[in-house]
Amino acid sequence: DKSNLNILKLQLVIGDFFICASEKQRDYWVGMLNAMGRINTYNYDDDSTLRKIIDVVPFGIPSQPPQHSQEMKLKQVIPNLREDDKIALWGGGIWNWLDPITAIKAIWEITRHRQDVKLLFLGTRHPDPKLPQMNKCLEAIRLAKELDLYDKFVFFNQWAPYELRQDFLLESDIGLSIHQKRIETEYSFRTRVIDYIWARLPVITTEGDSIAKLVKR
């Protein structure tokens, strides 16, 4: 969108200092700043690392550990969830650049051997009503129904307020972050995985982004 690009170019011109979430993102923005003429012999001679104009500021983990914000038990409010079930949490929205299809197919494979593993998608509808439901989300719901997993082994929550996400995290057994191999992945900073780390959840994630490297370490 040309208007968005113009806004971005204006910000790059008028900003005095910039922050980003990872070294990979910093490489991207250094290139953008260079294209806008913000990198020159003067600021390079002053600081050849360019850290005085742009640096990395990671974010995501609150200083306080997660606590139940209210008396809510997932296995009491979501039908077909049993007390001894193991919950795999998809801790965010279902966007087109992610891969919920592989996760759902994995659950279908698991049901052939055991019945106590359930997949819960934290959000399917963005709280902003102007944003339509994404095609990948509709595709995921359709597949869950075709495989007879819908509301039996795979559950789709409409949305969870940010301050209540810790309730879902604390009642889950593992966190999922499955994405496709594309350029977006390399520059992404998956905050849902940061939430998993905050809640001390084991993580299953695909490779290719900076947070996946952190999980692997």
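Look a little higher up for the structure.
Notes on the structure follow. It should be emphasised that the depicted structure is a prediction, and the values quoted were computed from it without experimental measurement.

1. Digging into the pattern of salt bridges
Per the counting criterion, the structure on display carries 15 salt bridges. For Glu-186, the salt bridge goes to Lys-24, with nearest N and O atoms at 3.3 Å. With Glu-186 in helix α8 (residues 183-187) and Lys-24 in helix α2 (residues 23-35), this pair connects stretches of sequence that are 162 residues apart. On the accessibility criterion, Glu-186 (33% relative accessible area) is partly exposed. Residues Arg-190 and Glu-184 are paired through a salt bridge, measuring 3.1 Å at the closest nitrogen-oxygen approach. Exposure remark for Arg-190: the relative accessible area of 7% places this residue in the buried category. Beyond isolated ion pairs, a larger network of salt bridges with shared partners links Arg-82, Asp-84, Asp-85 and Lys-118.

2. Focus: the sheet that holds strand β7 (residues 203-205)
Spatial strand order, β5-β4-β3-β6-β7: five strands in an open sheet with parallel pairing. Here the strands that pair on one side only, and so sit at the sheet edges, are β5 (154-156) and β7. Put simply, the sheet's adjacent strands are angled 25 degrees from each other on average, direction ignored. Bridge analysis of strand β3 (residues 86-90) against strand β4 (residues 117-121) gives five bridges, and the strand direction is parallel. Paired with Trp-90 across the two strands is Phe-121, which belongs to β4. Most of the contacts of helix α5 (residues 100-111) go to β4, to which it runs at about 160 degrees, and overall it touches β3, β4, β5 and β6 (174-177).

3. Overview of the packing of aromatic side chains
The geometry of an aromatic ring pair comes down to the distance between the two centres and the angle between the two planes. This structure, assessed with the given rule, holds eight aromatic pairs. Measuring from centroid to centroid gives 5.3 Å for Trp-90 and Phe-121, while their planes differ by 50 degrees, and the two rings are tilted. Taken together, the residues span a long stretch of sequence, with Trp-90 in strand β3 and Phe-121 in strand β4 at a distance of 31 residues. The exposure classification of Trp-90 matches that of Phe-121, with both residues buried. Here the guanidinium or amino end of Lys-24 rests over the ring plane of Tyr-187, the centre of that ring lying 5.3 Å away. Between the NZ or CZ atom of Arg-165 and the centre of the ring of Tyr-162, over which it lies, the distance is 3.8 Å.

4. Section: α5
Counted at 1.5 Å a residue, the expected span for α5 with its 12 residues is 16 Å, and the 17 Å between its end C-alpha atoms agrees. Those residues of α5 that fall on the buried side of the exposure criterion are Pro-100, Ile-101, Ala-103, Ile-104, Ile-107 and Thr-111. Projected onto a plane normal to the axis of α5, the buried residues spread over an arc of 165 degrees and lie on a single side.

5. Overview of the environment of Arg-182
Inspection of the secondary structure assignment puts Arg-182 in the loop between β6 and α8. Taking the relative accessible area as the measure of exposure, Arg-182 reaches 39% and is therefore partly exposed. Between the alpha carbons of Arg-182 and Lys-118 there is a distance of 28 Å; along the sequence they are 64 residues apart. Not counting residues within four places of it along the chain, the set of residues in contact with Arg-182 comprises Asn-96 and Trp-97. In this structure the side chain of Arg-182 is engaged in a polar contact, spanning 2.6 Å, whose partner is the side chain of Gln-180.

6. Details of the nonpolar core
Among the nonpolar cores identified, the biggest contains 22 residues, and Trp-90, Ile-104, Ile-107, Leu-119, Phe-121, Val-154 and Phe-156 are the most heavily contacted of them. Counting only elements with at least two residues in this core, the list comes to β3, α5, β4, α6 (135-146) and β5. Per-element accounting of this core gives the leading share, five residues, to α6. When residues no more than four places from it in sequence are discounted, the contact partners of Ile-107 are Val-117, Leu-119, Leu-149, Phe-153 and Val-154. Listed in part, the 20 residues of the second largest apolar core include Leu-74, Phe-168, Tyr-196 and Ile-211.

Cut-offs used in this document
Residues numbered from 1 in each chain as written. Predicted model: local features only at pLDDT ≥ 70, side-chain atom pairs only at ≥ 80, totals over all residues. Heavy atoms only, no water. Salt bridge = Lys/Arg side-chain N within 4 Å of Asp/Glu carboxyl O. Helix = DSSP H or I, 4+ residues; strand = E, 2+ residues; numbered from the N terminus. Buried < 20%, exposed > 50% of the residue type's maximum accessible area, 1.4 Å probe, protein only. Pairing = 2+ DSSP bridges. Axes fitted to C-alpha atoms, helices over the stretch in contact; angles between N-to-C directions. Contact = heavy atoms within 4.5 Å. Phe/Tyr/Trp six-rings, centres within 6.5 Å; stacked < 30°, edge-to-face > 60°. Lys NZ or Arg CZ within 6 Å of the ring centre and 35° of its normal. Expected span 1.5 Å × (residues − 1). Arc of directions from axis to C-beta. Polar contact = N/O pair within 3.5 Å; in protein donor to acceptor, adjacent residues only side chain to side chain. Core = buried A, V, L, I, M, F, W, Y, C linked by side-chain atoms within 4.5 Å.

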